[in-house]
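# Examination of the molecular architecture
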Amino acid sequence: MFTFALPKGSLLKDSIRLLQGVGLDFSGFLDPTNRQLQILDPTGAARALLVRAQDVPVYVEYGQAQAGIVGEDVLREKTPKVAKLLDLGFGGCRMSIAVSGESRYRSPLDLPPHSRIASKYVGCAREYFDSIDLPVEIIPLYGSVELGPITGMAEAIVDLVSTGKTLKDNGLIEIAVLYHSTARLIAHPLSYRLYSNNFRELMKQIQVSA
């Protein structure tokens, strides 16, 4: 049976809507009274697993799901061994560097060496600052990253930004955009080779229905 790994959170509703467009209904995950973590499509053609966004590529890489939907930000941070098939076009956001609006920094290169950078995207932050040859200390934070510059614990943050309202409400400003992220369809590499016709048909249907 074909299995999809779907992400909890902001991408779930659009992911379900996308799959409904190709005849697969996993809308039971949107029922607030439902506590099931896996459900079957009513036709019996496929099932879906509901997992944390960061775990989607893990389930796909290890073959518990043949395909998944996840943000490009997760793929860049984890660099899993999966096949990236389609940019699905929703869930748009950007990975940005932000600082306190009261600071004198207006570019990453303005940051002094060994600055402290708060981020839940440790790998992404490290890769970027290595690329500009600026030694920094990365402080892992997994909630309220914006407090880093506010409290003085960090000179800057690296975080996902959607509308920018959270930054603005907390007196932070963006000084660089590292990349833009959208939802992606991914596949287990071996499954993709074995069932290439099925995947091509799925991708064709997604592109037609989008």
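The rules behind these values
Residues numbered from 1 in each chain as written. Predicted model: local features only at pLDDT ≥ 70, side-chain atom pairs only at ≥ 80, totals over all residues. Heavy atoms only, no water. Helix = DSSP H or I, 4+ residues; strand = E, 2+ residues; numbered from the N terminus. Buried < 20%, exposed > 50% of the residue type's maximum accessible area, 1.4 Å probe, protein only. Expected span 1.5 Å × (residues − 1). Arc of directions from axis to C-beta. Contact = heavy atoms within 4.5 Å. Pairing = 2+ DSSP bridges. Axes fitted to C-alpha atoms, helices over the stretch in contact; angles between N-to-C directions. Polar contact = N/O pair within 3.5 Å; in protein donor to acceptor, adjacent residues only side chain to side chain. Phe/Tyr/Trp six-rings, centres within 6.5 Å; stacked < 30°, edge-to-face > 60°. Lys NZ or Arg CZ within 6 Å of the ring centre and 35° of its normal. Right-handed = clockwise from strand over helix to strand, strands pointing away.

On to the overall build of the protein. Assigned secondary structure in the protein consists of eight helices and 11 strands. Along the longest, intermediate and shortest principal axes, the C-alpha atoms of the protein span 60 × 35 × 30 Å. Out of the 210 residues belonging to the protein, those deemed buried represent 47%.

Its place among the elements puts K84 in strand β5 (residues 83-87). With 103 residues separating them along the chain, K84 and A187 place their C-alpha atoms 6.6 Å apart.

With that settled, the discussion passes to helix α8 (residues 196-209). The end-to-end C-alpha distance of α8 is 20 Å, a good match for the 20 Å that 14 residues give at a rise of 1.5 Å each. Those residues of α8 lying buried are F199, L202, M203 and I206. Down the axis of α8, the sector holding all buried residues measures 95°, keeping them to one side. Across α8 from its buried face, at more than 90 degrees, point the exposed residues N197, K204 and V208. In this fold, the buried residues of α8 make contact with β1 (2-7), α1 (12-20), β4 (67-71), β5, β11 (183-187) and α7 (189-194).

Turning our eyes to something else, we now look at the sheet that holds β1. If you trace the six strands from one edge of the open sheet to the other, you get β2-β3-β1-β4-β11-β5, paired in mixed fashion. The strands lining the two open edges of the sheet, one partner per strand, are β2 (38-40) and β5. Each adjacent strand pair in this sheet contributes to an overall mean axis angle of 25°, direction not counted. Strand direction decides the pairing type here: β1 and strand β3 (residues 46-51), joined by six bridges, are parallel. When the bridges of β3 are listed, T3 appears paired with R47.

Another point: the side chain of H188. Locating H188 in the fold gives a position in the loop between β11 and α7. Those residues within four positions of H188 in sequence are excluded, and the remaining contacts are V60, E61, Y62, G63, A65 and Q66.

A word on the environment of R106. Within the secondary structure, R106 sits in the loop between β6 (93-100) and β7 (115-119). You can call R106 partly exposed: its relative accessible area is 43%. Here the alpha-carbon distance between R106 and E174, two residues 68 residues apart in the chain, equals 8.3 Å. In this view, R106 contacts V99, S100, G101, I173 and I175; residues no more than four positions away in its chain are not counted. One polar contact links the side chain of R106 to the main-chain carbonyl oxygen of S103, over a distance of 3.0 Å.

Now for the packing of aromatic side chains. This model, assessed by the stated rule, comprises five aromatic pairs. Taken together, the aromatic side chains of F2, F4, F26, Y192 and F199 make up a single cluster linked through ring pairs. Note that R76 overlies the ring of Y179, its terminal NZ or CZ placed 4.0 Å from the centroid.

As a general feature of sheets, a regular strand has side chains that alternate between the two faces. The pairing of β7 with strand β8 (residues 136-140) spans five bridges and is classified as parallel. Pairing of S119 across the sheet is with P140, part of β8. One crossover worth recording links β7 to the parallel β8 by way of helix α4 (residues 122-131), and it is right-handed.

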